[in-house]
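As a plain string of letters, each chain reads:
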Amino acid sequence: MPQDEVEVVDLIAGTNAIEKSVVVKGTRSCYTSRIVELLLWLYDNEEHRNVLSQNCRDRMCKTEKQDNEYDERIRNGQLRTKSGKKSRAQPGQRNRSRECLRNLVRGMDRRDSSKCPIILTELTYKLLTKYMSTKFKLVTVDKKSAVKFLNEVKALGDNGDNGDHAIILDKEDANVNSDNEVLVKIRQEYTTYEGIRSIVAHMHRESGLVVPQDLDAMMAVYVKGSRRLNLLAKQTLGLKISEGKEHMTFEVYSKIARILFESGQPEHIFAHLFFILDWNLMKRAENCNTCMISHIRFEEDCLVFQFAKSKGAQDGEDHLGPWHVYSNPLEPHICPVLALAKYIITYPSVLSGKVPLFEGSDPYNRYTKIFCKVIKDNMDELRRLGVSDGDLGTHSSRKGVATLVAAGCTASPPIVSICLRAGWSMGGVKERYFRHERAGDRYVGRCASCLDQSSKDFAVSCPYFDFTGIKDSSARLERKKLVQKWLTDRIPIDKIESHVYNVLKFCFASICYHYDTLQEKLDASCLVLNSTFMIGLPEEIRECAKVAYPWTKTTEQLIHHWFLGDKS
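Per chain, the residues get numbers from 1 upward, laid out in the order the sequence is written. The predicted nature of this model means local features are confined to residues of pLDDT at least 70 and side-chain atom pairs, given and counted, to a pLDDT of 80 or more, with totals for whole chains, interfaces and linings taken over all residues. By convention in this description, side-chain values take in all heavy atoms of the structure and omit both hydrogens and water.

### Let's talk about the overall build of the chain
So, point 1. Each helix is a run of H or I in the DSSP string that is no shorter than four residues. Each strand is a run of E no shorter than two, and both are numbered from the N terminus. Within the chain, the regular secondary structure consists of 21 helices and 8 strands.
So, point 2. Of all 568 residues assigned to the chain, the portion counted as buried reaches 45%.
So, point 3. Within the chain, contacts between residues at least 6 apart in sequence are counted, and of these 71% link residues at least 24 apart.
So, point 4. Computed by Shrake-Rupley with a 1.4 Å probe, the accessible areas treat only the displayed protein chains as cover when residues are assessed. Accessible area for the chain stands at about 29700 Å²; split by element, carbon and sulfur atoms hold 50% of it. Type-normalised accessible area, obtained with a 1.4 Å probe on protein chains alone, sets the label of each residue: buried when under 20%, exposed when over 50%, and partly exposed for intermediate values. Only heavy atoms matter for contacts: two residues are in contact if any of them lie within 4.5 Å across the pair.

Structure, rendered in structure tokens:
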């Protein structure tokens, strides 16, 4: 059909969408959730409702009635599922009110500040600190330590008149146990209050306004003070010093990877690849959401990924890549190429390049649920590796691989290459002068794949098809045709791009090289074993899959490989 007769779909974003794209989807969603919590608190405290816009109050009044009616139906057992069973829904969720507030937050307009659900001029420092004082957690500590810290807080001039303690010892309700411990309230991590400061700035920005300079300055002091008092509380009360999730050690990484690798559950094939890429790319797990097969290629003996942007560099810049990901044929359960190969032969539709590598509306959320369930189900084994409840999250793998690559060996890769790959800022001057270079990233890639840097195996290649062992030229040509036919019969080469076919070819070589391991280790119900690529795979194809070392002229050489050639 002539191009002038084709109906063109307009995908050019409007001005409003362009302006809102300054804040990425994940961050905007986080801001929205936090603003909703603030709005609910303001509405629930009648003395502060006048801070909400009239439109917000009217709509909340309506949705509150709907939520109350819904809760009453739950309590009376009137709410049923589609199958007629009694609903497991719990009262008090306020889902209609929350959705109403989310819509109001999404409707904020830079050209009309009246659309903001909060009258921003009424949002004072005193009101915000009162809200922030509601953010606390309960812990059990030694009573003497609690009293000591409370006295230190009072010495700073806080006598509790405004209820704004850094820690509150609840003497009436807290019963001393046999270990002389009491239940106390302490403030949450300072990042909670920094987040509240961020949403105040976000609401002003989305409404076309600027945060008053004095308000921003006072909140900055409040956040800084919260951080210092938090550290003092941890030191005095004997609480955990580090914030957030713990880094994942190699032993834990290997254990989780093995569980996912050998599992027969279909969703674990997806989770295994997501987990392995999350570790090897050193990116935030959310970055894997945007992976496209068309952005992956095979270069020399490694996978090469490219991303349009990262959280630390929304405009791309040096964080585009390329990022080199190496196979680890010595440890199949943590090999990125084999993980990708398993996923591709199970879900070959991704090879078209027209869909994301991980399909679905929210692959990251799906991965998070699987990851958390695997941790919970295998907690007894993980405890033996030093893991405690609540230690691990999806961010733990990123902390773990960064630690392993930077400090796992005295001959570590350049810190510049590590920072660029992980998307971390190095500061203005260093970022202008230190740029991405392939050699440094390749070294990082091999270290991230957990190859042993002190062994010649560090230089092992990715599995590939080697036909040089077949002396007869005609037989060698026939074997090449057999491999190609096996692939094209299952994935027509004219249906995929040439560089994607190259990725498929090396992935298939990895399948052939690890064929016996897959047959032995994978659960009998695993979809990989029932793939058309695996069923009836001829031995004459499998035996052509080999690995090699630099001194066989198959892979690139790193300088210290020359000194490892004669060492085991």
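### Considerations on a negative patch on the surface
So, point 1. Each patch groups residues whose relative accessible area exceeds 30% and which form no salt bridge, using 9 Å between like charges and 5 Å between nonpolar side chains of Val, Leu, Ile, Met, Phe, Trp and Tyr. Take a side-chain nitrogen of Lys or Arg and a carboxyl oxygen of Asp or Glu: if they are within 4 Å of each other, that pair is a salt bridge. Here Asp and Glu are counted as negative and Lys and Arg as positive; His is not counted, and neither are the chain ends. In plain terms, the charge of a residue is placed at NZ if it is Lys, CZ if Arg, CG if Asp and CD if Glu. A cluster of acidic residues, Asp516, Glu520, Glu539 and Glu540, forms a negative patch at the surface.
So, point 2. Among the secondary structure elements, glutamate 540 is positioned in helix 21 (residues 539–542).

### Things to note about the environment of valine 200
So, point 1. Structurally, valine 200 can be placed in helix 7 (residues 190–206).
So, point 2. Between the C-alpha atoms of valine 200 and leucine 120, which are 80 residues apart in sequence, the distance is 8.7 Å.

### Considerations on the sheet that holds strand 6 (residues 323–325)
So, point 1. Strand pairing follows a simple DSSP-based rule, namely that at least 2 bridges must link the two strands. The strand order 4-5-6 describes an open sheet built from 3 strands, whose pairing is antiparallel. Sheet topology places strand 4 (296–299) and strand 6 at the edges, where each strand pairs with a single neighbour. Within this sheet the neighbouring strands show an average axis-to-axis angle of 35°, counted without direction.
So, point 2. As paired strands, strand 4 and strand 5 (residues 302–305) are joined by 4 bridges and run antiparallel to one another. By the bridge assignment for strand 5, arginine 297 is matched with valine 304. Working convention: axes come from line fits to C-alpha atoms, limited for helices to the stretch in contact. Angles between N-to-C directions cover 0 to 180 degrees.

### Structural notes on the nonpolar core
A general feature of soluble globular proteins is that nonpolar side chains tend to end up buried together.
So, point 1. In this structure, Ile256, Phe275, Leu357, Phe465 and Phe508 are the most contacted members of the largest nonpolar core, which totals 102 residues.
So, point 2. Non-local contacts of leucine 357, meaning those with residues more than four positions away in its chain, are made with Leu273, Leu277, Cys291, Met292, Ile293, Ile296, Leu340, Tyr343 and Val350.
So, point 3. Put simply, a nonpolar core is a bunch of buried Ala, Val, Leu, Ile, Met, Phe, Trp, Tyr and Cys residues held in one set by side-chain atoms that sit within 4.5 Å of each other. Counting residues in each nonpolar core, the second largest holds 38 residues, with Val36, Cys100, Val105 and Val223 among its members.

### Digging into a nonpolar patch on the surface
So, point 1. Residues Phe136, Leu138 and Leu183 make up a contiguous nonpolar surface patch of about 270 Å² in total accessible area.
So, point 2. Relative to the elements of secondary structure, leucine 183 occurs in strand 3 (residues 181–187).
So, point 3. Overall, the relative accessible area of 42% leaves leucine 183 in the partly exposed class.

### Quick look at the packing of aromatic side chains
So, point 1. Two rings belonging to Phe, Tyr or Trp (six-membered ring only in the last case) form a pair when the distance between their centres is within 6.5 Å. Interplanar angles under 30 degrees mark stacking, angles over 60 mark edge-to-face geometry, and anything in between is tilted. Counting across every chain of the model gives 18 aromatic pairs.
So, point 2. Geometrically, the ring pair formed by tyrosine 193 and tyrosine 222 is edge-to-face, given 6.2 Å between the ring centres and 80° between the ring planes. Taken together, the positions of tyrosine 193 in helix 7 and tyrosine 222 in helix 8 (residues 213–237) put the pair 29 residues apart, joining distant regions of the chain.
So, point 3. Whether a charge sits over a ring depends on NZ of Lys or CZ of Arg being within 6 Å of the ring centre and within 35 degrees of the ring normal. Over the face of the ring belonging to tyrosine 43 we find arginine 49, whose NZ or CZ atom lies 3.9 Å from the ring centre.
So, point 4. One cation-aromatic arrangement involves arginine 542 over tyrosine 515; the distance from NZ or CZ to the ring centre is 4.1 Å.

### Quick word on the environment of methionine 218
So, point 1. Relative to the helices and strands, methionine 218 resides in helix 8.
So, point 2. Along the sequence, methionine 218 and tyrosine 125 sit 93 residues apart, while their C-alpha atoms lie 7.3 Å from each other.

### Digging into helix 15 (residues 415–422)
So, point 1. Extensive coverage of helix 15 is indicated by the burial of 7 of its 8 residues.
So, point 2. All buried positions along helix 15 are accounted for by Val416, Ser417, Ile418, Cys419, Leu420, Arg421 and Ala422.
So, point 3. In this structure, the buried side of helix 15 is in contact with helix 10 (266–281), strand 6, helix 14 (396–407) and helix 17 (438–448).

### Section: the side chain of serine 510
So, point 1. Relative to the helices and strands, serine 510 resides in helix 19 (residues 498–513).
So, point 2. Apart from the residues lying within four places of it in its own chain, the contact partners of serine 510 are Val337, Leu338 and Pro463.

### Description of the pattern of salt bridges
So, point 1. Under the defined criterion, the tally for this structure stands at 26 salt bridges.
So, point 2. Taking the shortest distance from any N to any O, the salt bridge between glutamate 299 and arginine 442 comes out at 3.3 Å. Linking glutamate 299 in strand 4 with arginine 442 in helix 17, this pair joins segments that are 143 residues apart in sequence.
So, point 3. Note on arginine 442: relative accessible area 16%, which makes it buried.
So, point 4. Aspartate 441 is the partner of arginine 421 in a salt bridge, and the nearest nitrogen-oxygen pair spans 3.0 Å. Remark: aspartate 441 occurs in helix 17 and arginine 421 occurs in helix 15; sequence separation between them is 20 residues.
So, point 5. A single network of salt bridges, built from pairs that share partners, joins Arg297, Glu299, Glu300, Arg438 and Arg442.

### Side note on unusual backbone geometry
So, point 1. With a phi angle near 55°, arginine 94 is a residue other than glycine that sits in the positive phi range.
So, point 2. Relative to the elements of secondary structure, arginine 94 occurs in the loop between helix 3 (54–75) and helix 4 (95–106).

Any functional reading would require information beyond the geometric quantities listed.
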